[in-house]
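Listed here are the chains, written in short residue letters.
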Amino acid sequence: MRRISRREFIRICTETAAGIALLSALEPYILESLAEAAEERPPVIWLQGAACTGCSVSLLNAVTPPIQEVLLKIISLRYHPTVMAASGHLAWDYLRETAAKYAGKYFLVIEGGVPTGDDGIFCTIGEQDGKDVTLLHALKEYGSKAAAIIAAGQCASYGGIPGAAPNPTTTVGVWDVVKKTPVINIPCCPMHPDDFLITLTYVLRFGDVPELDYFNRPKIAFPDRTIHEGCPRCEYFAKGIFAKHPGDEGCLAMVGCKGMVSHARCNVRWWNHHVNWCIRAGAPCQACSEPGFPDDSSPLYGRYRIHD
């Protein structure tokens, strides 16, 4: 029977258990393994705010490349509340150490909206010196020291569902809070893992922010053309054939499709490793790639209309 080294053992454990609860005994070794795997690459710190963790789940479903390859070879993921093994003070101290050691070099990923009401008290993500640390304060502190910030998902980009009317927590997107550090928005609800990986790989490889559009979305992931322009049902629209119910034959504009204003690649790269996407499944596009989602997309299944 072949003996394996501790490093190989940790690698196997990480590959088979990424994204689920890991054995507490492996906590320090997993952190060490992830750090060593990409020692020469800028580290990534991932913070979560007002969200459902759906964007993290979407990333963990990445198939090309596999998520274990992403964690061990593409990025040096130093802090992620959902994926990391450590918790409590052990995790928080590691976050602070990473930010101090790599100031100006690390990349900060924010998942979820940023509640700003009552000084951000609606979203507490840690504790320091006996006091609660809100996402708002953490974003200001660690965002100011980052090389760039990636807003992962619709909520982090523009406020999303947590920021929908009446928005009692005054939740906003990252770029409404941080003004000096470059912010890259990767919307959609949830974000597509391909869009995130393409963007992150670009900034890590070239050490620069990709070209962004008017809403700070990377053009390499979000095209100028709309979903409607590349929609397989576009021919129905031209012929005036409209579906009366989701799933019916015809253009879905009358049952709530907002593909005319949605700038995304869903119709090109689909979802779940190119298995399906909204319109192909008979559901209308809700333009979750746009700043106005979900308010401007409501009613979700109502007739499409251009807002004044």
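A tally of helices and strands in the protein yields 10 helices and 9 strands. Expressed as a percentage of its 308 residues, the buried residues of the protein come to 50%. Look at the contacts in the protein between residues 6 or more apart in sequence, and 71% of them connect residues 24 or more apart. Summed over its atoms, the accessible surface of the protein is roughly 15100 Å², and 55% of this surface lies on carbon and sulfur atoms.

For the rest of this paragraph, the subject is the packing of aromatic side chains. In total, this model carries 6 aromatic pairs according to the counting rule given. Between Tyr158 and Phe215, the aromatic rings sit 6.5 Å apart at their centres with planes inclined by 80°, giving edge-to-face as the arrangement. Linking Tyr158 in helix H7 (residues 154–158) with Phe215 in the loop between helix H8 (193–206) and helix H9 (234–239), this pair joins segments that are 57 residues apart in sequence. Residue class for Tyr158 comes out buried when judged on its relative accessible area of 11%. Assessed through its relative accessible area of 26%, Phe215 is described here as partly exposed. Ring plane angle 80° and centroid distance 5.1 Å describe the contact between Tyr214 and Phe215, whose orientation is recorded as edge-to-face. Clustering of aromatic rings is evident, with ring pairs tying together Tyr158, Trp175, Tyr214 and Phe215.

Here we take up the side chain of Asn185. Mapping Asn185 onto the fold places it in strand E9 (residues 183–186). Of the polar contacts made by the side chain of Asn185, one reaches the backbone oxygen of Phe215; its length is 3.0 Å. Those residues in contact with Asn185 that lie beyond four places of it in its chain are Ala151, Ser157, Tyr158, Trp175, Phe215, Asn216, Arg217, Pro218 and Phe222.

A few words now on helix H6 (residues 135–143). Looking only at H6, the buried set comprises Leu135, Leu136, Ala138, Leu139, Tyr142 and Gly143. Each buried residue of H6 sits inside an arc of 165° when the element is viewed along its axis, so together they form one side.

This part takes up the sheet that holds strand E1 (residues 43–48). Backbone-to-backbone hydrogen bonds pair the strands of a sheet. The strands run either parallel or antiparallel. Pairing is parallel across the open sheet formed by 5 strands, whose spatial order is E2-E1-E3-E7-E9. Of all strands in the sheet, those with a lone pairing partner are strand E2 (76–79) and E9, marking the two edges. Each adjacent strand pair in this sheet contributes to an overall mean axis angle of 25°, direction not counted. Bridge analysis of E1 against strand E3 (residues 107–111) gives 5 bridges, and the strand direction is parallel. What sits directly across from Gln48, in E3, is Glu111. The sheet strands contacting H8 are E1, E3, strand E7 (148–152) and E9, and the helix crosses E9 at an angle near 160°.

Here is a general trend for soluble globular proteins: nonpolar side chains tend to be buried in one another's company. Formed by 40 residues in total, the largest nonpolar core has its most connected members in Trp46, Met191, Phe196, Leu200 and Ile279. Among the elements that take part in this core, H8 stands out by supplying 5 residues, more than any other. Once residues within four sequence positions are removed from consideration, Met191 is found in contact with Trp46, Cys55, Ser58, Leu59, Ala152, Gly153, Ile186, Phe196 and Trp271. Core analysis: the second largest hydrophobic core is formed by 29 residues, Leu108, Ala138, Tyr142 and Ala151 among them.

Quick look at helix H5 (residues 88–101) now. Here H5 is 14 residues long and its end C-alpha atoms lie 20 Å apart, about the 20 Å a rise of 1.5 Å per residue gives. Among all positions of H5, only Ala91, Trp92, Tyr94, Leu95, Thr98 and Ala99 are buried. Looking straight down H5, one finds its buried side chains confined to an arc of 155°; they lie on one side. In H5, the exposed residues that point more than 90 degrees away from the buried face are His89, Glu97, Ala100 and Lys101.

With respect to the element layout, Glu290 can be found in the segment after helix H10 (266–269). Sequence separation of Glu290 and Val261 is 29 residues, and the distance between their C-alpha atoms is 7.9 Å. A polar atom in the side chain of Glu290 sits 2.8 Å from the side chain of Ser289.

Quick look at the confidence of the model for the protein now. Mean pLDDT over the protein stands at 84; residues scoring 70 or higher make up 83%. Contacts for the low-pLDDT stretch residues 10–38, under 50 throughout, to residues beyond four places or in other chains number 43 contacts.

Locating Gln286 in the fold gives a position in the segment after H10. Since its relative accessible area comes to 14%, Gln286 is described here as buried. The residues contacting Gln286, other than those within four sequence positions of it, are Gly256, Lys258, Phe293, Ser297 and Leu300.

A word on the pairing of strand E5 (residues 124–128). Across 4 bridges, E5 lies against strand E6 (residues 131–134) in antiparallel orientation. By the bridge assignment, Glu127 is partnered in E6 with Asp132. In this structure, the hairpin formed by E5 and E6 is closed by a connection of 2 residues, where Asp129 is found at a positive phi of approximately 55°.

About the cut-offs
Residues numbered from 1 in each chain as written. Predicted model: local features only at pLDDT ≥ 70, side-chain atom pairs only at ≥ 80, totals over all residues. Heavy atoms only, no water. Helix = DSSP H or I, 4+ residues; strand = E, 2+ residues; numbered from the N terminus. Buried < 20%, exposed > 50% of the residue type's maximum accessible area, 1.4 Å probe, protein only. Contact = heavy atoms within 4.5 Å. Areas by Shrake-Rupley, 256 points an atom, 1.4 Å probe, with all protein chains shown as cover. Phe/Tyr/Trp six-rings, centres within 6.5 Å; stacked < 30°, edge-to-face > 60°. Polar contact = N/O pair within 3.5 Å; in protein donor to acceptor, adjacent residues only side chain to side chain. Arc of directions from axis to C-beta. Pairing = 2+ DSSP bridges. Axes fitted to C-alpha atoms, helices over the stretch in contact; angles between N-to-C directions. Core = buried A, V, L, I, M, F, W, Y, C linked by side-chain atoms within 4.5 Å. Expected span 1.5 Å × (residues − 1). pLDDT = per-residue confidence, 0-100.

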